Amino acid sequence: MDFWPEFLASSWGKEFVAGGVGGIAGIVSGYPLDTIRVRQQSCTPGSAFTILRHVASTEGPLALYRGMAAPLASVTFQNAMVFQIYAVLSRAFDRNVPASDPPSYKGVALGGFGTGALQSLMLTPVELVKIRLQLQRRNIPDNKNQITSYRGPTDVARNIFRQEGWKGIYRGLTITVLRDAPAHALYFWTYEYVREQLHPGCRKNGQESFRTMLIAGGLAGVASWICCYPLDVIKTRFQAQSQSTPSRYTGIVDCFRRSVKQEGYNVLWRGLGTAVARAFVVNGAIFTAYETALRLKACRGPDSGLCDMVYI
């Protein structure tokens with residue numbers, strides 16, 4: 001009976017709850033742009049605005065939120081785990097730093113790298129389901145009989161598992177790890193570095209403003225997406241194919257070779273503008289919600305003076 005109150009009062013509990021709040025804020029704020037990005041990566045012609053207008057007119061505005069239930073249902077736990085794992089690993093990789101000081105930049109980068117690799121185990125099935133739902137009606141007017149119409153995330157997961165088993169559920173795990181490990185290293189390093197540059201001393205005293213959180217979080221998201229974007233394009237294409245897809249890719253190397261051969265190297269950067277815009281909005285929201293949730297938890301404790309540390 002006493003587990004949850006004690007857990008939420010601990011540093012682990014605070015990181016967990018704050019990470020979950022940040023994850024929800026990120027999903028809700030950036031999902032329409034994510035849908036447009038996925039369609040751009042998967043061969044849908046046209047600019048982001050053209051795709052947006054086409055989807056809204058032919059499928060309705062709610063189509064931009066298709067598949068959101070899958071990441072939203074898991075994002076609280078997933079994002080909470082990401083921030084909790086990062087908090088542990090950033091300390092574990094550099095034990096010379098006193099507990100009263102913030103983790104070193106070396107610890108931040110290595111902790112982020114390990115976090116990205118571990119969270120891929122949770123993220124791969126979620127993104128697989130999300131991508132299938134985001135793309136399921138893409139070609140309905142021209143190829144209606146060859147597209148499987150899914151009723152929701154559970155239906156997608158059940159269909160994949162029935163046809164391909166666990167191997168199908170974890171399709172794209174390798175490239176997800178290759179994408180997320182270095183991306184998370186740069187992600188957390190950029191956030192910590194930028195917030196310290198914008199507000200010197202804030203890493204130790206926690207007195208950064210909302211503006212600092214938004215900018216540092218947004219730039220962290222942009223940096224991490226730019227560094228991993230070509231891998232994300234290949235991952236999207238590889239995970240988008242099902243058992244019924246004609247001319248299936250045999251692996252991520254085959255997907256890379258055929259994509260470049262057919263569409264040129266520019267295909268690896270298709271949709272980057274949309275991804276960067278989304279990354280700034282989403283990650284600014286994530287870190288602002290995360291840091292704010294930590295401070296709200298602090299307001300309830302003996303150190304309630306921390307409530308006064310957040311200002312615009």
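Looking at an unreviewed UniProt entry, one finds the protein chain named Mitochondrial arginine transporter BAC2-like and attributed to Anisodus tanguticus. Taken from UniProt, the Subcellular location (unreviewed entry) comment for the protein chain reads in full: "Mitochondrion membrane".

By size, the foremost hydrophobic cluster in this structure holds 18 residues, and its most contacted members are Phe83, Tyr187, Phe188, Tyr191, Phe287 and Tyr290. Put simply, the parts of the chain that give this core at least two residues each are α4 (69-92), α8 (173-198), α10 (210-240) and α12 (272-299). Sort the elements by how many residues they give to this core and α12 lands first, with six residues. Tyr191 has contacts with Glu208, Met213, Ala216, Gly217, Ala220, Phe287 and Glu291, leaving out every residue within four places of it along the chain.

The next point concerns the pattern of salt bridges. Applying the stated criterion to the full structure yields 20 salt bridges. Notably, a salt bridge pairs Glu59 with Arg66, separated by 3.0 Å at the nearest N-O pair. Glu164 is the salt-bridge partner of Arg171, the closest N and O atoms lying 2.4 Å from each other. The exposure class of Arg171 is buried, given its relative accessible area of 11%. Through salt bridges that share partners, Asp34, Arg37, Glu127, Lys130, Arg179, Asp180, Asp232, Lys235 and Arg278 make up one connected network.

In this section: helix α11 (residues 252-263). For an α-helix, 3.6 residues make a turn, and residues three or four places apart therefore share a direction. Here α11 contains twelve residues, and its C-alpha end-to-end distance of 16 Å stays within 8% of the 16 Å for a straight helix at 1.5 Å per residue. Residues of α11 that are buried: Asp254, Cys255, Arg258, Ser259 and Val260. Residues of α11 that are buried make contact with α10.

Conventions and cut-offs
- Along each chain, the written sequence defines residue order, and numbers are assigned to residues from 1.
- With pLDDT at 70 or above as the cut-off, local features in this predicted model cover only qualifying residues; side-chain atom pairs require 80 or more to be listed or tallied, and sums for whole chains, interfaces and linings still use all residues.
- Based on all heavy atoms of the structure, the side-chain values leave hydrogens and waters out of the count.
- UniProt positions are given in the numbering used here, feature names are shortened, and annotations may be inferred rather than shown by experiment.
- As used in this record, nonpolar core signifies buried Ala, Val, Leu, Ile, Met, Phe, Trp, Tyr and Cys residues forming a set joined through side-chain atoms within 4.5 Å.
- Three labels apply to residues, based on accessible area from a 1.4 Å probe with only protein chains included: buried if under 20% of the type maximum, exposed if over 50%, partly exposed otherwise in between.
- The secondary structure listing takes helices from DSSP runs of H or I that are at least 4 residues long and strands from runs of E that are at least 2 residues long, numbered from the N terminus.
- In this description, contact between two residues means that some pair of their heavy atoms is separated by no more than 4.5 Å.
- The salt bridge criterion pairs a side-chain nitrogen of Lys or Arg with a carboxyl oxygen of Asp or Glu, the two atoms within 4 Å.
- One fewer than the residue count of a helix, multiplied by 1.5 Å, yields its expected span.

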